[in-house]
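Understanding the architecture of this molecule
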Amino acid sequence: MYSKNWAKADAKSLPVIKTELPGPKSREYHQRASRYMKGYSSQVRLFPVVFHSGKGCTLTDVDGNVFIDFSSGIYVTGLGHCHPKVSEAVAHYAKQLMNCHDFTTEIKMKLLEKLASITMGDLKGIQLYDSGTTAVEAGLRAARAATGKFEFISFWRDFHGKTMGAVSCAIVDRSQGMRAPGFFLAPRPYCYRCPFNMKYPECNTYCADFVDKVITNETTGQVAAIVLEPIQGWAGSIIPPDEFIPKLRKIADKHKALLFADEVLTCMARTGKMFAMEHWNTTPDITTVGKGFGNGFPVTAMIISEKFGEAIEKISASSSYGGNPMACAAALASIEVIEEENLCERAAHLGELFLKRMEKMKEEFRIVGDVRGKGCLLAIELVRDKNTKEPFEEAGRKVYQRAFSKGLAWVPAGHILRLSPPMIMDDDLAHKGLDIIEESIAEVERELLG
Ligand SMILES: Cc1ncc(COP(=O)(O)O)c(C=O)c1O
């Protein structure tokens, strides 16, 4: 059963708005915290609500208002907030053993066996970490160790985290000018705004062939890995055409480089498959998991093909927190819930429900330029004009704030609105949240375009 009673939420009585939003306590607490905390995300800056608790698909703020959650934190709590199986697993080890460096524990052994049983192909060499970024960084080190090469290809608008190697795989505004030598970026398919001004399928996925040209013309031929998000999350749920990833596999093989799929955001059923790469039946050499892996507990992994096991023995996996017993318990419980509650199927079903409603919004509204998604990873792109496709950032900001003030917690990205509902959401609640989005777009469109 995907939806157990613990998460039952009555769509008819949600959301619950008791104060103006953000409420008085939220405003006070956020102001006090902001005195010291610097660099908030736009998600918070645009709507500084202060949450008190979460249960299933709802979040309650410090003023007692209850929100429908279309954000899962930030693509994290796919099983809903505080899934009892995960919370109990963490609480158990919080009392029994919190940390013992990288010694094997029984719960770690069980997690490793479970994880190895669900990965694609021969991805069985595992290192455990405590953030997506550190897992990505480990993947970069592993690619260098496995190939003896040092260069990397990544893609426009991909996001891989905030340490030196990870930001080096990102475009300038995400890398904050800190790209290390040896990192090269290639354009990536974004069919709504093709970087080559071509049209799919007549383009014959030229963007994939272009990666080959980047390797030949820009690198010194020492490419350790091609690094990519299978579906771009931060950039706005941008799904590549079906040929792109299988073609990349061939290009990587041709250059004796590894294919590194960063699945920190797309893993653990969010796209309707345990791993997004399964959609294209393409096994990478390296992958990373995070976010939904521990459903809120910080636990991540770098996983590499076992044929490189020996080469990466040199890459020490130990860290202060990676693979601690609470983390392993959270991850094991989360995978078990995904299996027990058939959440891959559930995510795929929700994806269809969302897309159907979003397609209608695209027909109905002048400012909805594109809608897209796979499973519970979705986006609505707002434009000033459907012909020019000019990004409509003001509308993006206003629709985000308007819907939030009506009780919907979700995620903005400039003119793109990102939706990542928990996979346990029932249909009625999904429709209720989508009603709020529809209403908010209608109001903002009238306000801005008349
Ligand atoms: C694809 C991808 N990789 C890596 C990261 C970094 O993960 P973390 O924020 O846990 O360090 C993110 C975070 O959003 C991500 O989306």
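Residues numbered from 1 in each chain as written. Predicted model: local features only at pLDDT ≥ 70, side-chain atom pairs only at ≥ 80, totals over all residues. Heavy atoms only, no water.

Turning our eyes to something else, we now look at helix 13 (residues 343-364). Taking 1.5 Å of rise per residue, 22 residues should cover 32 Å, and helix 13 covers 31 Å from first to last C-alpha, within 8% of that figure. Looking at helix 13, one finds that the buried residues are Leu 343, Arg 346, Ala 347, Leu 350, Gly 351, Leu 353, Phe 354, Arg 357, Met 358 and Met 361. Check the buried side of helix 13 and you find it contacts helix 12 (325-340), strand 11 (368-374), strand 12 (377-382), strand 15 (416-419) and helix 15 (427-449). (Helix = DSSP H or I, 4+ residues; strand = E, 2+ residues; numbered from the N terminus. Expected span 1.5 Å × (residues − 1). Buried < 20%, exposed > 50% of the residue type's maximum accessible area, 1.4 Å probe, protein only. Contact = heavy atoms within 4.5 Å.)

Moving on to the packing of helix 5 (residues 106-118) against helix 12. Angle between the axes and distance between the axes are the two parameters that describe a pair of packed helices. Contact pair helix 5 / helix 12: the axes reach a minimum separation of 9 Å and the direction vectors enclose 40°. Looking at the two axes, helix 5 sits oblique to helix 12. As helix 5 packs across helix 12, the resulting crossing turns out to be left-handed. Note on element contacts: helix 12 touches helix 5 through Pro 325, Cys 328, Ala 329, Ala 331, Leu 332, Ile 335 and Glu 339, opposite Ile 107, Lys 108, Lys 110, Leu 111, Lys 114, Leu 115 and Ile 118. For the contact of helix 5 with helix 12, the per-class residue count stands at 10 nonpolar, no polar and four charged. (Axes fitted to C-alpha atoms, helices over the stretch in contact; angles between N-to-C directions. Parallel < 35°, antiparallel > 145°, perpendicular 65-115°, else oblique. Left-handed = near helix turned anticlockwise from the far one by under 90°. Nonpolar A, V, L, I, M, F, W, Y, C, P; charged D, E, K, R; others polar.)

One recurring pattern in soluble globular proteins: nonpolar side chains tend to sit buried together. Membership of the largest hydrophobic core comes to 110 residues, with the highest contact counts inside it found for Met 268, Phe 293 and Trp 410. Counting residues per element, this core draws most heavily on helix 12, at 11 residues. Those residues in contact with Met 268 that sit more than four places away from it in its chain are Leu 115, Ile 118, Lys 273, Met 274, Phe 275, Val 289, Gly 292, Phe 293, Ile 335, Ile 338 and Met 423. Core analysis: the second largest hydrophobic core is formed by 25 residues, Val 136, Ala 166, Ala 180 and Phe 308 among them. (Core = buried A, V, L, I, M, F, W, Y, C linked by side-chain atoms within 4.5 Å.)

Across the sheet, four strands lie side by side as 1-2-3-13; this open sheet has mixed pairing. Edge positions in the open sheet fall to strand 1 (51-55) and strand 13 (408-409), since each of these has one partner strand only. Strand direction decides the pairing type here: strand 1 and strand 2 (residues 58-61), joined by four bridges, are antiparallel. From the neighbouring strand, Gly 54 faces strand 2, where its bridge partner is Leu 59. (Pairing = 2+ DSSP bridges.)

What follows is about the pairing of strand 8 (residues 258-263). Buried residues dominate strand 8, accounting for six of its six residues. Residue alternation in strand 8 divides its side chains into two sets, Leu 258, Phe 260 and Asp 262 and Leu 259, Ala 261 and Glu 263, and both sets are buried. Here four bridges tie strand 7 (residues 223-228) to strand 8, and the two strands are oriented parallel to one another. Bridge pairing in strand 8 links Ala 225 to Leu 258. With helix 10 (residues 244-254) bridging strand 7 and its parallel neighbour strand 8, the resulting β-α-β unit is right-handed. Sheet topology places strand 8 next to strand 9 (residues 286-289); four bridges connect them, and they run parallel. Its bridge partner being in strand 9, Glu 263 is matched across the sheet by Val 289. (Right-handed = clockwise from strand over helix to strand, strands pointing away.)

Turning to the pairing of strand 4 (residues 123-129), a few remarks are in order. When you tally the buried positions in strand 4, you get five out of seven residues, the bulk of the element. Across six bridges, the pairing between strand 4 and strand 10 (residues 300-305) is antiparallel. Looking at strand 10, one finds that Tyr 129 is bridged to Thr 300.

What follows covers the sheet that holds strand 15. If you trace the four strands from one edge of the open sheet to the other, you get 11-12-15-14, paired in antiparallel fashion. Whereas interior strands pair on both sides, the edge strands pair on one side only; in this sheet they are strand 11 and strand 14 (411-413). When strand polarity is set aside, the average angle formed by the axes of neighbouring strands in this sheet is 20°. Pairing between strand 11 and strand 12: six bridges, direction antiparallel. Across the sheet, residue Lys 374 finds its bridge partner in strand 12, namely Leu 377.

Before going further, it helps to examine the site of the ligand. Surrounding the ligand, one finds Ser 131, Gly 132, Thr 133, Phe 159, His 160, Gly 161, Glu 229, Asp 262, Val 264, Leu 265 and Lys 291. Contacts to the ligand include Asp 262, whose side-chain N or O atom sits 2.6 Å from a nitrogen atom. Take Lys 291: an N or O atom from its side chain is 3.1 Å from an oxygen atom of the ligand. Look at the ligand: alone it shows 390 Å² of surface, and the protein chains cover 80% of it. Per-class residue counts for the shell around the ligand are three nonpolar, five polar and three charged. (Near = heavy atom within 4 Å. Polar contact = N/O pair within 3.5 Å; in protein donor to acceptor, adjacent residues only side chain to side chain. Areas by Shrake-Rupley, 256 points an atom, 1.4 Å probe, with all protein chains shown as cover.)

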